[in-house]
Amino acid sequence: MLNLLILGKPGAGKGTQAAKLLKHYHLTHISTGDIYREEIANKTPIGIMASQYVQKGFLVPDDITNDIVEKVLHEKEYPHGFMLDGYPRTRSQAEALDHVLAGLKISLTAVINIDVSDDVLLRRMAGRRVCSNCQETYHIDYHPPMTPGICDVCGGKLIQREDDLESSVLNRLSIYNEKTKPLLDYYEEKGLLMTFDGELSAGTLYKHIIQHLEGK
Ligand code: ADP
Ligand code: ZN
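Residues numbered from 1 in each chain as written. Chains lettered and ligands numbered in written order. Predicted model: local features only at pLDDT ≥ 70, side-chain atom pairs only at ≥ 80, totals over all residues. Heavy atoms only, no water.

Asks: Before we go on, may I ask you to explain the pattern of salt bridges in this structure?
Replies: Close approach of charged atoms lets side chains of opposite charge pair. Applying the stated rule across the entire model yields 7 salt bridges. One salt bridge in this structure joins K9 and D118, with 2.7 Å as the shortest N-O distance. A residue pair is termed long-range when its members are at least 10 positions apart, and K9 in the loop between β1 (4-8) and α1 (14-25) and D118 in helix α6 (residues 118-126) qualify at 109 residues. For K9, a relative accessible area of 12% corresponds to the buried category. Here R37 makes a salt bridge to D34, at a shortest N to O gap of 3.0 Å. Here R37 pairs with D34, and both are found in helix α2 (residues 32-41), just 3 residues apart, close to one helical turn. (Salt bridge = Lys/Arg side-chain N within 4 Å of Asp/Glu carboxyl O. Helix = DSSP H or I, 4+ residues; strand = E, 2+ residues; numbered from the N terminus. Buried < 20%, exposed > 50% of the residue type's maximum accessible area, 1.4 Å probe, protein only.)

And the structure:
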């Protein structure tokens, strides 16, 4: 049983590592970002309320997010454990989570923190492009298309996603630094924090994470 929490700045590569770990350990994925995107797509009352925050890159109010996660943790099955992704993001969410887990008599195994400098993040995001037609993704330095600005797959025009624009990235980074970064101390004090160098290649980073988890 492995109950993990994954933390990192927006664009740190959390998604890539989370996907590999989920598969490897057969964990149940609980992503508040995915939950909100689905509620928004289905135009539910929660989705309609959340969309004003999500669109601007602001956090949805804590009490709403806490209620959702509490419900999911009570209702979902996680025979091999879970990975919480995108939650908690504030100290009050972390405290609410502790409360719910205590009620369920479950404890966290480890908190994985993927550390990347702001400079590197901004460079990564600034180079990201997506095909306006088929959504294939590129990076002008790390994974360039054969012809600049044109999709290899369908010939569509490559564009920058709204949330990859520098202003949006800077906004999410400042929210992270203010609200989420204090969680690193919170989990360090509990002896749960494992910090990894997110500037390594995705494959090397994954190996490091697995090696550390084997010891748990
Ligand atoms: P990112 O795109 O920054 O990786 P996510 O996909 O995790 O973020 O979440 C998308 C959006 O959903 C966030 O910008 C925020 O508006 C909302 N959201 C997700 N998780 C939380 C949370 N734990 N608390 C508040 N809002 C959240
Ligand atoms: Zn395309």
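Asks: Looking at this model, I keep getting lost on a negative patch on the surface. Mind explaining?
Replies: A contiguous patch of negative charge on the surface is contributed by D115, D119, D197 and E199. Its location among the elements puts E199 in the loop between β8 (193-197) and α9 (202-214). (Patch = residues over 30% accessible without salt bridge, like charges linked within 9 Å, V, L, I, M, F, W, Y side chains within 5 Å. Areas by Shrake-Rupley, 256 points an atom, 1.4 Å probe, with all protein chains shown as cover. Lys, Arg positive; Asp, Glu negative; His and termini not counted. Charge placed at Lys NZ, Arg CZ, Asp CG, Glu CD.)

Asks: What should I look at first to understand the site of ligand 1 in this one?
Replies: Among the 15 residues in the neighbourhood of ligand 1, the closest are listed as T32, R37, F58, G86 and Q93. The contact in question runs from a nitrogen atom of ligand 1 to an N or O atom on the backbone of G86, over 2.9 Å. One of the side-chain N or O atoms of Q93 is found 2.9 Å from a nitrogen atom in ligand 1. Of the residues that constitute the shell around ligand 1, the class distribution is 7 nonpolar, 5 polar and 3 charged. (Near = heavy atom within 4 Å. Polar contact = N/O pair within 3.5 Å; in protein donor to acceptor, adjacent residues only side chain to side chain. Nonpolar A, V, L, I, M, F, W, Y, C, P; charged D, E, K, R; others polar.)

Asks: What am I meant to see in the nonpolar core here?
Replies: Within soluble globular proteins, side chains that are nonpolar tend to cluster in buried spots. Formed by 29 residues in total, the largest nonpolar core has its most connected members in L73, F82 and Y187. Breaking this core down by element, the ones donating at least two residues are β1, α2, α4 (62-75), β3 (82-85), α5 (91-104) and α8 (182-189). (Core = buried A, V, L, I, M, F, W, Y, C linked by side-chain atoms within 4.5 Å.)

Asks: Would you take a moment to explain the coordination of the zinc ion (ligand 2) for this structure?
Replies: Coordination angles at a metal have ideal targets, namely 109.5 degrees for four tetrahedral donors and 90 or 180 degrees for six octahedral donors. Those donors, C131 (SG), C134 (SG), C151 (SG) and C154 (SG), are the protein atoms that reach the zinc ion (ligand 2), and they lie 2.3 to 2.4 Å from it. Taken together, the 4 donor atoms coordinating the zinc ion (ligand 2) and their angles of 99 to 116° define a geometry best described as tetrahedral. Every donor residue of the zinc ion (ligand 2) comes from the same chain, spaced as C-x2-C-x16-C-x2-C. Within this pair, whereas C131 is found in strand β5 (residues 128-131), its partner C154 is found in the loop between β6 (137-139) and β7 (158-159), the two being separated by 23 residues in sequence. (Donors = N, O, S within 2.8 Å, 3.2 Å for Na, K, Ca; no water. Tetrahedral: all angles 85-135°; square planar, octahedral: opposite > 155°, others 65-115°.)

Asks: Would you mind showing me how to read the pairing of β3 here?
Replies: Consecutive side chains along a regular strand alternate between the two faces of the sheet. The two faces of β3 match: F82 and L84 on one face and M83 and D85 on the other face are all buried. As judged from the 3 bridges shared by β1 and β3, these two strands associate in the parallel manner. Among the inter-strand pairings, I6 is bridged to a residue of β3, identified as D85. Of the strand pairs in this sheet, strand β2 (residues 28-31) and β3 are connected by 4 bridges, and their pairing is parallel. Bridging from a neighbouring strand, I30 pairs with L84 of β3. (Pairing = 2+ DSSP bridges.)

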